[in-house]
Amino acid sequence: MEKKIVLVTGATSGIGEACARRFAQGGYDVIITGRQQQRLQEVKETIQQMGAEVCVLQYDVRDRNACQQAVDSLTGKWRQVDVLINNAGLALGQEKEYMGDMDEWDTMIDTNIKGLLTMTRLIVPMMVERQQGHVINIGSVAGDAAYAGGNVYCATKAAVKAITDGLRIDVAHTPLRVTNIKPGLVETNFSITRFHGDKARADKVYQGVKPLCGDDIADVAFFAASAPSHVQIAEVLVLATHQASPTIVHRES
C-alpha cells in the first residue's frame, strides 16, 4: 500500500519541523519546504532515519513564482499530496501600530497570509481532482483577539482563521477536510525571530510558565489528519495549562 504524503511549509524549525517528524513517524512520506538549504538537508536526514521518503523544496513562500516552480517540479507520487500543512509564518517586532516598521508588515502579510493562499491555490485543486485531501493551517490564539504590540501579526492570524473558514465552505461539496490549529505560547524560534535575535528578550516571553513545544502542536495536527474520514476537526485552540487567553498567563515567580 502506497504511503500517504504530507507537504509541510516552513519545515526547517519549530512547529513545521515537528510536524514533518510526527507525520513521518505516523507512516507518511514527507515533502519539506523552507528557505534554508542546510536546515532542510538536516531535517531530511532525520526524517529518513524514521523510514520515510523525503522530498526537499527550497523556496520562500513569499515568492509566488518560486512556489509555482516548486510545485511544478513535483513528479510521480509527490504530486498526490494528501495533507497540506500551511505552517510557514512569523511575527516581527512589537511596536505600537502607529510606530510600526512597514517593511516588517509586508513580510508578515506576504508570509502569513499571501504565502498560505498561494500554497493553497497550488495544491488544493489537485486534491479536489482526486477527491482526497486535508488542509491544516497553523493559525494562532493571536487571531482571536489583538494584544499590545501584536496589531499586524494578530491581523494576519485573524485572516488565517477567515481564510480557513472560507476554504472549508468552498470544499464542503467534496471529501476534503480543513483545519485551523491555533497555538498559544509555544517555545520555538518564534520569539527570537520577533525580537531580531535578542534571546534574552525572547526568553522572558516564556519565563515562569511551562510553554507548549512544537511536538505538542504536531500531535494535534496528526490527530486531526488521523480522524475517520467523516470527522472534520475544524478548529483547535491549544494553550499551555497556565495560559487562559492571549494575554492572561499565570507565571510562577
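Here's a quick rundown of the structure. On a predicted model such as this, the values are computed, not experimentally measured, just so you know.

1. Looking at the nonpolar core
Ranked by internal contacts, the top residues of the largest apolar core, which has 35 residues, are Phe23, Ile32, Ile47, Ile85 and Ile136. Elements represented by at least two residues in this core include exactly strand E1 (5–8), helix H1 (14–25), strand E2 (29–34), helix H2 (37–48), strand E4 (83–86), strand E5 (134–138), helix H8 (214–226) and strand E7 (235–238). In terms of residues, this core owes the most to one element, H8, which gives 7 residues. Once residues lying within four places of it in the same chain are set aside, the contact partners of isoleucine 136 are Phe23, Val83, Leu84, Ile85, Asn86, Thr179, Ile181, Ala221 and Ala225. Core analysis: the second largest hydrophobic core is formed by 26 residues, Leu7, Ala70, Leu122 and Leu167 among them.

2. Examining the side chain of serine 140
Its location among the elements puts serine 140 in the loop between E5 and helix H5 (151–170). Owing to a relative accessible area of 7%, serine 140 belongs among the buried residues under this scheme. Of the polar contacts made by the side chain of serine 140, one reaches the backbone nitrogen of alanine 142; its length is 2.9 Å. In contact with serine 140, other than residues within four places in its own chain, are Tyr153, Lys157, Ile181, Lys182 and Pro183.

3. Re empty space enclosed by the protein
Evaluated as defined, the whole model comprises 2 cavities of 30 Å³ or more. Reported here for the largest cavity is a volume of approximately 80 Å³. Forming the walls of the largest cavity are 15 residues, and the residues nearest its centre are Leu92, Gly93, Trp105, Met108 and Asn151. The residue inventory of the lining of the largest cavity, partitioned by class, reads 5 nonpolar, 6 polar and 4 charged. There is about 40 Å³ of room inside the second largest cavity. Every residue lining the second largest cavity is listed: Thr9, Val61, Asn86, Asn87, Ala88, Thr111, Asn112, Gly115, Leu116 and Met119. Ranked by residue count, the leading element in the lining of the second largest cavity is helix H4 (residues 102–130), at 5 residues.

4. Some words on the packing of aromatic side chains
Scanning all chains against the criterion turns up 3 aromatic pairs. Relative to tyrosine 28, the ring of phenylalanine 23 has its centre 4.9 Å away and its plane inclined at 75°; by these criteria the two rings are edge-to-face. Residue phenylalanine 23 shares its accessibility class with tyrosine 28, and that shared class is buried. Three or more aromatic residues joined by ring pairs form one cluster here, namely Phe23, Tyr28 and Phe222. Here the guanidinium or amino end of arginine 22 rests over the ring plane of phenylalanine 222, the centre of that ring lying 4.1 Å away. The ring of tryptophan 78 carries lysine 77 above its face, with NZ or CZ at 4.9 Å from the centroid.

Conventions we followed
- Residues numbered from 1 in each chain as written.
- Predicted model: local features only at pLDDT ≥ 70, side-chain atom pairs only at ≥ 80, totals over all residues.
- Heavy atoms only, no water.
- Core = buried A, V, L, I, M, F, W, Y, C linked by side-chain atoms within 4.5 Å.
- Buried < 20%, exposed > 50% of the residue type's maximum accessible area, 1.4 Å probe, protein only.
- Helix = DSSP H or I, 4+ residues; strand = E, 2+ residues; numbered from the N terminus.
- Contact = heavy atoms within 4.5 Å.
- Polar contact = N/O pair within 3.5 Å; in protein donor to acceptor, adjacent residues only side chain to side chain.
- 1 Å grid on protein atoms, 1.4 Å probe; cavity = no way out; pocket = protein on both sides within 12 Å on 5 of 7 lines; lining within 4 Å.
- Points joined across faces, edges and corners; volume = space filled by probe spheres on them.
- Nonpolar A, V, L, I, M, F, W, Y, C, P; charged D, E, K, R; others polar.
- Phe/Tyr/Trp six-rings, centres within 6.5 Å; stacked < 30°, edge-to-face > 60°.
- Lys NZ or Arg CZ within 6 Å of the ring centre and 35° of its normal.

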